[in-house]
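Listed here are the chains, written in short residue letters.
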Amino acid sequence: MSEPTEQQEEETPYQVLGGDARVRELVDRFYDLMEIEPKYDVLRKMHAPDLADIRDKLYWYLCGWLGGPQLYVERFGHPMLRARHMPFSIGVAERDAWIGCMVQAMDETQVPDNLREGLERAFAQLADWMRNRAE
Ligand code: HEM
């Protein structure tokens with residue numbers, strides 16, 4: 001048997017998580033929590049009454065962001081995520097509610113330990129970058 005000549009490609013976070021069904025599960029839990037947990041009311045009130053479209057959009061976005069298929073970009077082009085959030089007033093309270101809701105969704109859908117910490121840090125950075133109100 002010969003030695004492997006090429007270095008094995010590193011798995012993407014998308015693969016480590018378990019692929020598209022697991023991304024969908026995380027997103028669905030995120031918006032379920034936004035609907036049922038009073039502590040995320042600040043987020044729920046900013047969103048459309050029907051969350052069906054945004055469930056799809058965040059799922060498409062996260063598949064690509066995690067290194068899987070670029071489903072959002074295929075449909076809408078460059079995400080320009082910060083610009084798309086400009087119509088909404090996002091300060092510390094909204095940012096922290098978003099992060100809290102995502103952390104709870106990650107816990108409840110058992111995101112693998114080897115992914116969990118890095119993902120929380122990356123989500124927190126992205127959410128902070130979305131702030132468009134001073135406090
Ligand atoms: C920082 C706190 C955040 C708040 C308060 C917030 C809030 C919102 C709201 C109100 C919408 C519009 C939903 C609708 O049409 O009903 C939206 C859209 C969206 N958000 Fe956020 N968001 C935040 C952070 C993030 C982060 C960190 C991500 C990515 C990981 C993200 C991804 C998206 C995407 C992909 C859309 C759809 C954009 C489009 O219209 O195509 N958001 N967000």
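In this report, the structure presented in the accompanying data block is examined. Note that this is a predicted model, so its numbers are computed, not measured. (Residues numbered from 1 in each chain as written. Predicted model: local features only at pLDDT ≥ 70, side-chain atom pairs only at ≥ 80, totals over all residues. Heavy atoms only, no water.)

**Digging into the state of the cysteines**
So, point 1. Overall, the coordinates contain zero disulfides when judged by the stated rule.
So, point 2. Free of any disulfide, Cys-63 has its nearest cysteine sulfur in Cys-101, 18 Å distant.
So, point 3. Its relative accessible area of 0% is what places Cys-63 among the buried residues.
So, point 4. Cys-101 sits in the buried class, given a relative accessible area of 0%. (Disulfide = S-S within 2.5 Å. Buried < 20%, exposed > 50% of the residue type's maximum accessible area, 1.4 Å probe, protein only.)

**With respect to the nonpolar core**
So, point 1. By size, the foremost hydrophobic cluster in this structure holds 37 residues, and its most contacted members are Val-23, Phe-30, Leu-62, Met-102 and Met-106.
So, point 2. For this core, the secondary structure elements donating two or more residues are α1 (13-17), α2 (20-36), α4 (52-65), α5 (71-76), α7 (92-108) and α8 (113-129).
So, point 3. Not counting chain neighbours up to four residues away, the residues in contact with Met-102 comprise Leu-26, Phe-30, Leu-58, Leu-62 and Phe-123. (Core = buried A, V, L, I, M, F, W, Y, C linked by side-chain atoms within 4.5 Å. Helix = DSSP H or I, 4+ residues; strand = E, 2+ residues; numbered from the N terminus. Contact = heavy atoms within 4.5 Å.)

**Quick word on the packing of α2 against α7**
So, point 1. Between α2 and α7, the least distance of the axes is 9 Å, while the angle of their chain directions is 125 degrees. Accordingly, the angle class assigned to the pair α2 and α7 is oblique. As α2 packs across α7, the resulting crossing turns out to be right-handed. Contacts from Leu-26, Arg-29, Phe-30, Leu-33 and Met-34 of α2 reach α7 at Trp-98, Cys-101, Met-102, Gln-104, Ala-105, Met-106 and Glu-108.
So, point 2. Class assignment for the residues of the contact of α2 with α7 results in nine nonpolar, one polar and two charged. (Axes fitted to C-alpha atoms, helices over the stretch in contact; angles between N-to-C directions. Parallel < 35°, antiparallel > 145°, perpendicular 65-115°, else oblique. Left-handed = near helix turned anticlockwise from the far one by under 90°. Nonpolar A, V, L, I, M, F, W, Y, C, P; charged D, E, K, R; others polar.)

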